[in-house]
Amino acid sequence: MSLFSSTNQRTAPTLASLLALLLTGVGCEVPRADDSAQQAVMHDLAYEVMLPINAEVEDEALALATAVGAYCDAPSDETLSAAQDAWRAARVPWKHAEAFRFGPAEDLRLGSAIDFWPVRPDSVESAITAAPVPVTPEHIASLGASAKGMPALEYLLFDPAGALGGSDEVAKRRCSFARALGETIGKDATTIHQAWSPEGGAFVDQVALAGAGSKLFATGQDGVARVVNLIISQLHQISEKKLGGPLGVSTGAAPDSTTVESRFSDNSTEDLLNNLRGMEEIYLGQHGEHSGKGLSSLVRPKSAPIDDAVRKALEDAKAKAAAIPGPLRLAIVNDAAAVQAALDSAKALRRLFTADVASVLGVSVTLSDSDGD
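So, how was this worked out
Residues numbered from 1 in each chain as written. Predicted model: local features only at pLDDT ≥ 70, side-chain atom pairs only at ≥ 80, totals over all residues. Heavy atoms only, no water. Salt bridge = Lys/Arg side-chain N within 4 Å of Asp/Glu carboxyl O. Helix = DSSP H or I, 4+ residues; strand = E, 2+ residues; numbered from the N terminus. Buried < 20%, exposed > 50% of the residue type's maximum accessible area, 1.4 Å probe, protein only. Disulfide = S-S within 2.5 Å. Polar contact = N/O pair within 3.5 Å; in protein donor to acceptor, adjacent residues only side chain to side chain.

Some words on the pattern of salt bridges
Tallying each qualifying case throughout the model produces 21 salt bridges. Salt-bridge contacts for Asp73 lead to Arg179; the nearest nitrogen and oxygen are separated by 2.8 Å. Of this pair, Asp73 sits in helix 2 (residues 36-73) while Arg179 sits in helix 9 (residues 169-196), placing them 106 residues apart in sequence. With relative accessibility at 60%, the residue Asp73 sits in the exposed group.

Looking at the state of the cysteines
Per the stated rule, a full pass over the model turns up 1 disulfide. At a sulfur-sulfur separation of 2.2 Å, the disulfide partner of Cys72 is Cys175. Because the sign of the S-S torsion sets the handedness, a value of about -95° for the bond joining Cys72 and Cys175 places this disulfide among the left-handed ones. Here Cys72, found in helix 2, pairs with Cys175, found in helix 9; they are 103 residues apart in sequence, far enough to count as distant. Comparing Cys72 with Cys175, the two get one shared label, buried.

What to know about the side chain of Ser303
Assignment of secondary structure puts Ser303 in the loop between helix 13 (296-302) and helix 14 (304-322). Side-chain polar atoms of Ser303 contact the backbone nitrogen of Ile306, separated by 3.2 Å.

Here it is as structure tokens:
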């Protein structure tokens, strides 16, 4: 045995140990950038914006179920009007929540169960014909997304072709289906809220503790990146599907009213405005009486001009949406210029988030179609 061999046997374990230390990082902790500001934003967004909105989604959905049941128990113009009002009220927090649709709503596939659109009336009518009587929420839950949720209930409450009412067996079956739709929407909204609630699944803490123990977000920056990308994704939906699609800009086809969201209730513009209000609340960190730090608190210290531009663009997008005259299903033909102005404003806001906000916050945009212009 050579001297070299003997020396090598003594030194080999030491080198291996060093390599192991380098590979595993044991004893060589990599310094992590301070993202306490991002952690604070995620905490406030979770508790001051996202959780309260999910609570409102549940409250309004349960009120909708009660109102539809009241109509079916005693059909009249008054109870129908109350059910229609409850449907519109339920849309408000639900559309705010679309600015941050992730977590339980997506993991449990309840987002599409509650709001898959455009609704397909033929699917709804087929589902009513095939449904057992009485119709149960369990049966509704087993249906495809195109035959249930808020859009299907909208068709039954607002469109003369899907009208409820009457006392014969067909009418009773239709109202039983509508009642079960409402109950299922309420049940699904409760499931989402309970999953977020600290007393339930506590998903709120997976968001609030980003970078401080969250299993979902290793860093606060990871959480902020997710929130920014969710807003960009929602702006993509607005520009390409909610406005560009019906207008024919996204498809290259003629305007098509059947692709308009909430076309039976003519609630389309309100839906759009509530989408934009939800994004604004995430950006500012405010919802009703709740207030905390939002994305703006991260953007402004790095670039006041970009923060000012985003605030101005949010206001402009809301103003252009509110300026669309009459029902959107008619405006895409009769006032296309106004719809195009709202579309252009939404795209401008999207470009601000995709380029300026993402850049100044160090966020990688994950949406494959990053602009679509």
